[in-house]
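Commentary on secondary and tertiary structure
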Amino acid sequence: MQSCRRKSLWLALLASWLLGLLGILPLLRLAVPTGPRAGAPQGWPRWLDAELLQSFLQPGELPEDAPQLRRAPRGGSCDWGACFDTSKCRSGGFKVFVYPAAEPTSEMQHKILASIEGSRYHTVSPTEACLHLLTLDAPAGACSLVPPKWNGGKNHLVLRLHPASCSGTFQLGWAMVAEASPTVDTFRPGFDVALPLLPEAHPVRGGAPGQLRQHSPHPGAALLALAEERGGWRVAATDSSACPWDGHCEQDHGPEQTHPGAALPNATFCLIPGRRADALRFLQALQAGCIPVLLSPRWELPFSEVIDWTKAAIVADKRLPLQVLAALQEMPPTRVLALRQQTQFLWDTYFSSVEKVIRTALEIIQDRILGASAHPSLLWNSPPGALLALPTFSTSPLDFPFYYLQQGSRPAGRFSALIWVGATGQPPLKLIQAVAGSQHCAQILVLWSNDKPPPPSWPETAVPLLVIEGHRKVSARFFPHSAISTDAILSLDAHSSLSTSEVDFAFVVWQSFPERMVGFLTWSHFWDEAQGRWGYTAERVNEFSMVLTSAAFYHRYYHTLFTHSLPKALRRLAEAAPHCVDVLMNFLVAAATKLPPIKVPSGRRHEDASPPRVPGDLGPAARDCIDRVAAGFGHMPLVSSRLRLDPVLFKDPVSVLRKKYRGLEKP
């Protein structure tokens, strides 16, 4: 009997101890948004980050959050299915009409209009538009009235890049709202679009690159930077007893350092209060590569419908500063590195310019229209991003040149030769025979752009040969012809002179670097201090940043990107200045990959057979080309390199019989 009583007493004491322990242990909620789920509107999810909670509590032991305030969304029960007519987008594609801005217009409105009018989405006809866009960033008292084709707001997008801009001048009805840092109480997941809060001086295109120069924290770098109400950032001590953002802490805060202004200190984490006014600090932290730690934010994170913020930011409970600080100190260095790298990718891809912000918002709406054919989450959250992975080409990562390594695959072992015959070109009979002799060649396409008709007969080859006529513009050589059946393209001019060994080796190199251009002849860009502009040269130096498309391998996706993604101004430049197509294609690939091209060895006969393509020999228009292209991109994406890949035993003093690519060394 006494044994039973003793056991009951011990059980009661144990239960009391457990209840007390659960009552006094701190609560650390780290909620982070996950990627979008198909078929369900996405709001601001509130998950638990188990990795950061292992030192404190198990997720099942945490009490639920307090009841959330009931949302009062705009437009009543409006959602995507009920308030947007997708039938208007099926015939003419996704076209956007922008209502003329009321005078006076703000600087931000000018930037918005310029970015949309230069994009592939824009149309001047409201009848053929799938989406009508109305900007509400005018100064107070100058807000737009109800547009003439308002139609209750159906298929309309009301754009507000600043919370202080005019609003409430009319009922939104069925219109979507793309707003900077919307509150979670008014945001309609799956219908509205959350935008970042941009400064007035934000660039229209291009934008400043991320400021992170060292992905791993420097031993002397601060752990925390805190956004202050008066502006600027304060560096806090790393002592876990410090409580840098809670005024109720009794412990000593330790040494602090104040950084006035917008410049960020070199810190690993940036603590940002949850006030809507602090949303601008979130963008500053991204640019600086400082991992944002949001303290109970009451605003929706930008583009949360498609961006997986678990990979770049942390959301913490502001009521538990000591636990959050300890969790940040214990975070594994591998995760810190991954978070900082992702902040730089997101900044460069979606936030560094007004043009990228607007294009991202429109791309999200287009994904809703496409439904099952929209971008998967991997394309949104992995380089180069969804803006450079067009869904009109494919929605499978395996079809793009950027994801072979991630998917554990490699390109197929065949290529298509695309030979451009211009106005002064002759039928490239020897070139066709040399290319057809390659064991990797699948087909040869001759793009005939000569005023004379093509010859009636062509040399017999072991691979199919197809002649395509009617293309007079040089930019047509980069058109995504449906006849191309392989991922790899060998772009050639009629005057090119290559041996079969050169073609074989270059293709093998390209298979290892399918996202890059692999070529034989190179150019190099430079900054001319005297004239304050960009220039480029074809002088034979060790350093280069471009390869000529007169003999180069690249992925066929770049034809789609060249035709459908370039801004209108750059497409007109390619049509008016044929010598700019090489520069444009190199810019496009470098902007997507942030990598230089690869040079492979070529015989002397190939260089002698090439026409004079030195920029200086083409006149002032050629010298202006790279400067105009750089202005169109908003930055200089070209990356210089000194790497040339040669085959094993290349030019070694050994028997030719031991060399695989023997034709490379023939004079």
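Now for a description of the structure that goes with this document. Every value quoted in this text rests on a predicted model; they were computed, and no experiment measured them. (Residues numbered from 1 in each chain as written. Predicted model: local features only at pLDDT ≥ 70, side-chain atom pairs only at ≥ 80, totals over all residues. Heavy atoms only, no water.)

**Brief notes about the overall build of the protein**
For the protein, the count of helices and strands is 17 helices and 21 strands. Going through the 667 residues of the protein one by one, you find that 54% of them count as buried. Within the protein, counting contacts between residues at least 6 apart in sequence, those at least 24 apart form 71% of the total. Total accessible area on the protein is roughly 29,800 Å²; 55% of this is exposed by carbon and sulfur atoms. (Helix = DSSP H or I, 4+ residues; strand = E, 2+ residues; numbered from the N terminus. Buried < 20%, exposed > 50% of the residue type's maximum accessible area, 1.4 Å probe, protein only. Contact = heavy atoms within 4.5 Å. Areas by Shrake-Rupley, 256 points an atom, 1.4 Å probe, with all protein chains shown as cover.)

**What about the packing of helix α13 (residues 557-564) against helix α15 (residues 581-593)?**
Between α13 and α15, the shortest axis-to-axis distance is 11 Å and the interhelical angle comes to 105°. Classified by the interaxial angle, the pair formed by α13 and α15 is roughly perpendicular. Counted together, Tyr-558, His-559, Leu-561 and Phe-562 of α13 and Leu-584, Met-585, Leu-588, Val-589 and Thr-593 of α15 form the full contact between these two elements. (Axes fitted to C-alpha atoms, helices over the stretch in contact; angles between N-to-C directions. Parallel < 35°, antiparallel > 145°, perpendicular 65-115°, else oblique.)

**Focus: helix α6 (residues 321-329)**
Here α6 lies mainly inside the structure; 7 of its 9 residues are buried. Among all positions in α6, only Pro-321, Gln-323, Val-324, Leu-325, Ala-326, Ala-327 and Leu-328 are buried.

**Section: the sheet that holds strand β5 (residues 193-195)**
The sheet built from 5 strands is open, its strands ordered β1-β2-β3-β4-β5 with parallel pairing. Looking at the sheet topology across the chains shown, the edges are occupied by β1 (96-98) and β5. Averaged over all pairs of adjacent strands, the angle between strand axes in this sheet comes to 20°, irrespective of strand direction. Bridge count between strand β2 (residues 131-135) and strand β3 (residues 156-160): 4 bridges; the pairing is parallel. (Pairing = 2+ DSSP bridges.)

**A short note on helix α11 (residues 429-436)**
Every buried residue of α11 is accounted for by Leu-431, Ile-432, Ala-434, Val-435 and Ala-436. Those residues of α11 that are buried are in contact with β12 (415-421), β13 (441-448), β14 (465-469), β15 (488-493) and α12 (500-512).

**Examining the sheet that holds strand β18 (residues 533-537)**
Across the sheet, which stays open at both edges, the 3 strands sit in the order β18-β17-β19 with antiparallel pairing between neighbours. One side of each edge strand has no neighbouring strand; the edge strands of this open sheet are β18 and β19 (546-547). Here strand β17 (residues 522-528) pairs with β18 via 5 bridges, running antiparallel. Within β18, the position partnered with Phe-526 by the bridge is Gly-535.

**Re the nonpolar core**
Core analysis: the largest hydrophobic core is formed by 67 residues, its most contacted members being Phe-303, Trp-309 and Phe-351. Counting residues per element, this core draws most heavily on helix α8 (residues 354-370), at 7 residues. Both domains that furnish three or more residues to this core are identified here as domain 1 (86-141 + 148-195) and domain 2 (222-237 + 263-351). If you look at the next biggest cluster of nonpolar residues, it comprises 52 residues, including Ile-489, Tyr-554, Ala-590 and Ala-630. (Core = buried A, V, L, I, M, F, W, Y, C linked by side-chain atoms within 4.5 Å. Domains from an automatic or database assignment.)

**Focus on the environment of Arg-276**
Relative to the elements of secondary structure, Arg-276 occurs in the loop between β9 (267-273) and α5 (279-288). Judged by relative accessible area, Arg-276 falls into the partly exposed class, the value being 27%. A C-alpha to C-alpha distance of 9.3 Å links Arg-276 and Glu-300, two positions 24 residues apart in sequence.

**With respect to the pattern of salt bridges**
Taken as a whole and assessed by the stated rule, the structure comprises 14 salt bridges. Put simply, Asp-317 and Arg-319 hold a salt bridge, and the shortest N to O gap is 2.4 Å. On the accessibility criterion, Arg-319 (56% relative accessible area) is exposed. A salt bridge links Asp-493 to Arg-477; its shortest N-O distance comes to 2.7 Å. Of this pair, Asp-493 sits in strand β15 while Arg-477 sits in the loop between β14 and β15; the two residues are 16 residues apart in sequence, bridging distant segments of the chain. With relative accessibility at 6%, the residue Asp-493 sits in the buried group. The buried category is assigned to Arg-477, whose relative accessible area is 4%. (Salt bridge = Lys/Arg side-chain N within 4 Å of Asp/Glu carboxyl O.)

**A few points about the packing of aromatic side chains**
According to the stated counting rule, one finds 27 aromatic pairs in the structure shown. When the centroid spacing of 5.7 Å and the interplanar angle of 35° are considered together, the rings of Tyr-350 and Trp-380 count as tilted. On the criterion of sequence distance, the pair formed by Tyr-350 in helix α7 (residues 333-351) and Trp-380 in helix α9 (residues 377-381) is long-range, its members being 30 residues apart. For the pair formed by Tyr-350 and Trp-380, the shared burial category is buried. Seen in terms of ring centroids, Trp-523 and Tyr-536 are 5.0 Å apart; in terms of plane orientation they differ by 50°. Their pairing is tilted. In this pair, Trp-523 is assigned in strand β17 and Tyr-536 in strand β18, connecting sequence segments 13 residues apart. Assigned by exposure class, Trp-523 and Tyr-536 land together as buried. Looking at Arg-281, its charged tip hangs above the ring of Trp-233, at a distance of 5.6 Å from the centre. (Phe/Tyr/Trp six-rings, centres within 6.5 Å; stacked < 30°, edge-to-face > 60°. Lys NZ or Arg CZ within 6 Å of the ring centre and 35° of its normal.)

**Regarding unusual backbone geometry**
Here the bond from Pro-383 into Pro-384 is cis, since omega is 5°, no more than 30 degrees from zero. Unusually for a residue other than glycine, Asn-155 sits at a positive phi of about 55°. Within the secondary structure layout, Asn-155 lies in the loop between β2 and β3. Judged by relative accessible area, which is 2%, Asn-155 ranks as buried. Within the chain, Lys-594 stands out as a residue other than glycine whose phi angle is a positive 60°. The topology assignment puts Lys-594 in the loop between α15 and β21 (598-599).

**Description of the state of the cysteines**
Applying the stated rule across the entire model yields 3 disulfides. Residue Cys-89 pairs covalently with Cys-130 via a disulfide, S to S 1.7 Å. Residues Cys-89 and Cys-130 share a disulfide whose torsion about the S-S bond is about 60°; that sign makes it right-handed. Taken together, the positions of Cys-89 in the loop between α3 (80-83) and β1 and Cys-130 in the loop between α4 (107-117) and β2 put the pair 41 residues apart, joining distant regions of the chain. What makes Cys-89 buried here is its relative accessible area of 8%. The exposure class of Cys-130 is buried, given its relative accessible area of 0%. Put simply, Cys-580 and Cys-625 are joined by a disulfide, and their sulfur atoms are 1.9 Å apart. Taken together, the residues Cys-580 in the loop between α14 (568-576) and α15 and Cys-625 in helix α17 (residues 620-633) connect sequence positions 45 residues apart. Of the residues examined, Cys-580 reaches a relative accessible area of 1% and is grouped as buried. Looking at Cys-625, the relative accessible area reads 0%, which means it is buried. (Disulfide = S-S within 2.5 Å.)

Read these as geometric descriptors, not functional statements.
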